[in-house]
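# Geometric and topological summary
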Amino acid sequence: MKNIKNLYFALPKQHQIIIISCAAAVLFLLMVPLKGTNQLNSNANGEFKAGQRYQVAMPEQDSKSTVKANIQLPAKQLTPVTINQSNESAVAKHKVNDIDENAAQLNWQSVKVRSGDSLAKIFKRNDLNATTTHKVITAKGQESKLLKKLNVGDILRIGKDNSGTLVSLEYPISKAETLFVNLRGQQYHSHKESKSIEIREAFSQGIIKSNFWNAASSAGLNDGQIINLANVFGWDIDFALDIRKGDSFNVIFEKKYIEGDFIGTGKILAAEFVNQGDNFQAIRFTDDEYYSPDGKSMRKAFLRAPVSFRYISSNFNPKRFHPIQKRVRPHNGTDYRAKRGTPVVAAGNGKVTHATYNKYNGNYVFIQHGNGIVTKYLHFSKRAVKKGQRVKQGQVIGYVGSTGMSQAPHLHYEFLLNGVHRNPRTVKLPDAKPISSKYRKAFKAVAAQRLTELSGSRQALVSMQESSINAD
Ligand SMILES: [Zn+2]
């Protein structure tokens, strides 16, 4: 070492300078990483293969894939894309906006929204002050208001420049929409970008073996769709008590996709339900209402059941079991056995004539409807309406209980026409409102198409001889 030092100082001044500069240059080159090497795990020749996942660093304004670090190239893009070494946006389809060139130089952080978080708290954790919070919330463009209510678990992306100033913020509002807040001069500007949602039609069908929920669920319908399906037919079929083994259904519904990825189901477009041999069909029209194929509204003056089928534990026992007598006997009402506290709704619009207590009925409510119809609801744990009050169909009027002459929580329900008891599940109700005559022609066309689809789907079911098929 000493020798080298002596040798160095023995050299002429010019040589010393050259050696120092060369050493510095070599050191510098060693410290700077090769660009691109840690950005992509691409294969040796730097090409993307379709259908394969690549890790892509995404500091730019690339909007949409905020949360996902993995970008799956769409299958159609089969031609290999050569990666531009100097820039990460080889994924060409992303929108370029005006500050893209700066964005590449920003320091990006992904921040998860925690329970109880606000933008101010998140900013504070990430060394951004209250002034910045205020400027962002009041950014030009109305959308920044969306940052006032953040959803727990959502991921914000924060892009700062080297001085630590917030330059860019991205917040995914939904799977389809992202909010951008960008600094231009001294002012923040916000805007929203949406991806287009592609709607595809799907079919689903099933035959009931144990209960409706299980059949619908194994046919691939989600909870919301199952409830919607029961609601569509809730004026015709008592889903709480009248569903039987062998009943079947057939549904056409929407499936939503963004860039080929399934993001969720949409509306039920048409459906068919065969209940104890009776076939009911419903078609959705552009007013978002359902109509029978002859154009009559599915909505009727009375719901078949004042309790949702979801709350009825054993909706399969056709024999009526009276909780008081502990034996089957004919009686003037229908008993719905359900847990204490289960909400009970008015079967139709009307006026409350009784809402009180006696030792036989317990807490009870009577409702007077039009056309000489009265409905009665007994044994509530609690009443939710008062005498004289007007109620709407579907409005909660009380909760299942076991007050009065009752030994187990249940709703005793009666339907009277001109003072005579009728079976609410089979009584013929007045005809529902038909579709407005000006839409009749348009509806007929929609209905014809849907019926063809339903029948095609039904035949597929028969030919495949399966109890349930989830057509995906
Ligand atoms: Zn009863």
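Residues numbered from 1 in each chain as written. Predicted model: local features only at pLDDT ≥ 70, side-chain atom pairs only at ≥ 80, totals over all residues. Heavy atoms only, no water.

Turning our attention to the overall build of the chain. When helices and strands are tallied, the chain shows eight helices and 22 strands. Counting only residues that meet the buried cut, the chain has 43% of its 472 residues in that class. When contacts within the chain are restricted to residue pairs at least 6 apart in sequence, long-range pairs at least 24 apart make up 63% of them. Split by element, the accessible area of the chain, about 26,200 Å² in all, is 53% carbon and sulfur. (Helix = DSSP H or I, 4+ residues; strand = E, 2+ residues; numbered from the N terminus. Buried < 20%, exposed > 50% of the residue type's maximum accessible area, 1.4 Å probe, protein only. Contact = heavy atoms within 4.5 Å. Areas by Shrake-Rupley, 256 points an atom, 1.4 Å probe, with all protein chains shown as cover.)

Glancing now at the packing of aromatic side chains. By the definition in use, this model includes 16 aromatic pairs. Seen from the ring of tyrosine 257, arginine 200 lies directly overhead, with NZ or CZ sitting 3.7 Å from the centre. The ring of phenylalanine 366 carries the charged tip of lysine 376 above its face, separated from the ring centre by 4.5 Å. (Phe/Tyr/Trp six-rings, centres within 6.5 Å; stacked < 30°, edge-to-face > 60°. Lys NZ or Arg CZ within 6 Å of the ring centre and 35° of its normal.)

Attention now goes to unusual backbone geometry. Non-glycine residue glutamine 276 carries a positive phi angle of around 50°. Considering the arrangement of structural elements, one finds glutamine 276 in the loop between β10 (261-275) and β11 (278-284). For histidine 379, which is not glycine, the phi dihedral falls at a positive 70°. Examined against the element boundaries, histidine 379 turns out to sit in strand β17 (residues 373-383). Judged by relative accessible area, which is 4%, histidine 379 ranks as buried.

The next point concerns the pattern of salt bridges. Within the structure shown, the criterion is met by 15 salt bridges. Lysine 300 is the partner of aspartate 236 in a salt bridge, and the nearest nitrogen-oxygen pair spans 3.1 Å. Of this pair, aspartate 236 sits in the loop between α7 (223-232) and β9 (248-258) while lysine 300 sits in the loop between β12 (290-291) and β13 (334-337), and the two are 64 residues apart along the sequence. Aspartate 236 gets classed as buried once you look at its relative accessible area, which sits at 15%. We note a salt bridge from arginine 425 to aspartate 242, for which the minimum N-O separation is 2.4 Å. (Salt bridge = Lys/Arg side-chain N within 4 Å of Asp/Glu carboxyl O.)

Attention now goes to the sheet that holds strand β3 (residues 107-112). Pairing is antiparallel in the open sheet, where five strands are placed in the order β3-β4-β5-β6-β7. The strands lining the two open edges of the sheet, one partner per strand, are β3 and β7 (187-194). Taken pair by pair, the neighbouring strands of this sheet meet at an average axis angle of 15°, ignoring direction. When strand β4 (residues 155-160) meets strand β5 (residues 166-172), the two strands line up antiparallel, connected through four bridges. Within β5, the position partnered with isoleucine 158 by the bridge is leucine 169. (Pairing = 2+ DSSP bridges. Axes fitted to C-alpha atoms, helices over the stretch in contact; angles between N-to-C directions.)

This brings us to the environment of glycine 206. Residue position: glycine 206 is located in strand β8 (residues 198-207). A relative accessible area of 0% places glycine 206 in the buried class. Each C-alpha atom, one on glycine 206 and one on glycine 246, is 9.5 Å from the other, the two residues being 40 residues apart in sequence.

Attention now goes to the nonpolar core. Judged by nonpolar contacts, the single largest core of 27 residues is most densely connected at Tyr336, Val344, Val365, Ile367, Tyr377, Ile397 and Leu411. When contributions to this core are tallied by element, the ones reaching two or more residues are β15 (350-358), β16 (362-368), β17, β19 (396-400) and β20 (410-417). Those residues within four positions of tyrosine 336 in sequence are excluded, and the remaining contacts are Asp238, Ala240, Leu241, Arg304, Ala305, Pro306, Val307, Ile312, His410, Leu411, Tyr413 and Arg425. Judged by nonpolar contacts, the second largest core, of 26 residues, contains Ile208, Leu221, Ala230 and Met298. (Core = buried A, V, L, I, M, F, W, Y, C linked by side-chain atoms within 4.5 Å.)

On to α7. Since the α-helix packs 3.6 residues into each turn, any two residues three or four apart lie on the same face. Restricting attention to buried positions, one finds in α7 the residues Gln225, Ile226, Ile227, Leu229, Ala230 and Val232. Packed against the buried residues of α7 are α6 (212-218), β9, β10, β11 and β12.

Of all 11 residues making up β17, nine are buried, and the element is well covered by its neighbours. In this structure, β16 lies alongside β17, joined through five bridges in antiparallel fashion. The partner of asparagine 363 across the bridge, within β17, is phenylalanine 380. When β17 meets β20, the two strands line up antiparallel, connected through six bridges. From the neighbouring strand, isoleucine 373 faces β20, where its bridge partner is leucine 417.

Further remarks concern helix α5 (residues 130-137). Turning to α5, its buried residues are Thr132, Thr133, Val136 and Ile137. Buried residues of α5, viewed axially, fall in a sector of 130°; they line one side. Every exposed residue of α5 that faces more than 90 degrees away from the buried side is listed here: Ala130 and His134. Looking at the buried side of α5, the elements it contacts are α4 (119-125), β5, β6 (177-184) and β7. Measuring from the backbone nitrogen of threonine 131 back to the side-chain oxygen at the start of α5 gives 3.3 Å, which picks out asparagine 129 as the cap. (Arc of directions from axis to C-beta. Polar contact = N/O pair within 3.5 Å; in protein donor to acceptor, adjacent residues only side chain to side chain.)

This brings us to the side chain of serine 292. Relative to the helices and strands, serine 292 is located in the loop between β12 and β13. Separated by 2.4 Å, the side chains of serine 292 and aspartate 294 make a polar contact. The contacts of serine 292, once residues within four sequence positions are left out, are Gln281, Met298 and Phe443.

Moving on, we come to the environment of valine 111. Here valine 111 shows up in strand β3. Residue class for valine 111 comes out buried when judged on its relative accessible area of 8%. A C-alpha to C-alpha distance of 5.1 Å links valine 111 and leucine 156, two positions 45 residues apart in sequence. Among all residues touching valine 111, those that are not within four sequence positions of it are Ile122, Arg125, Asn126, Asp154, Ile155, Leu156 and Ile158.

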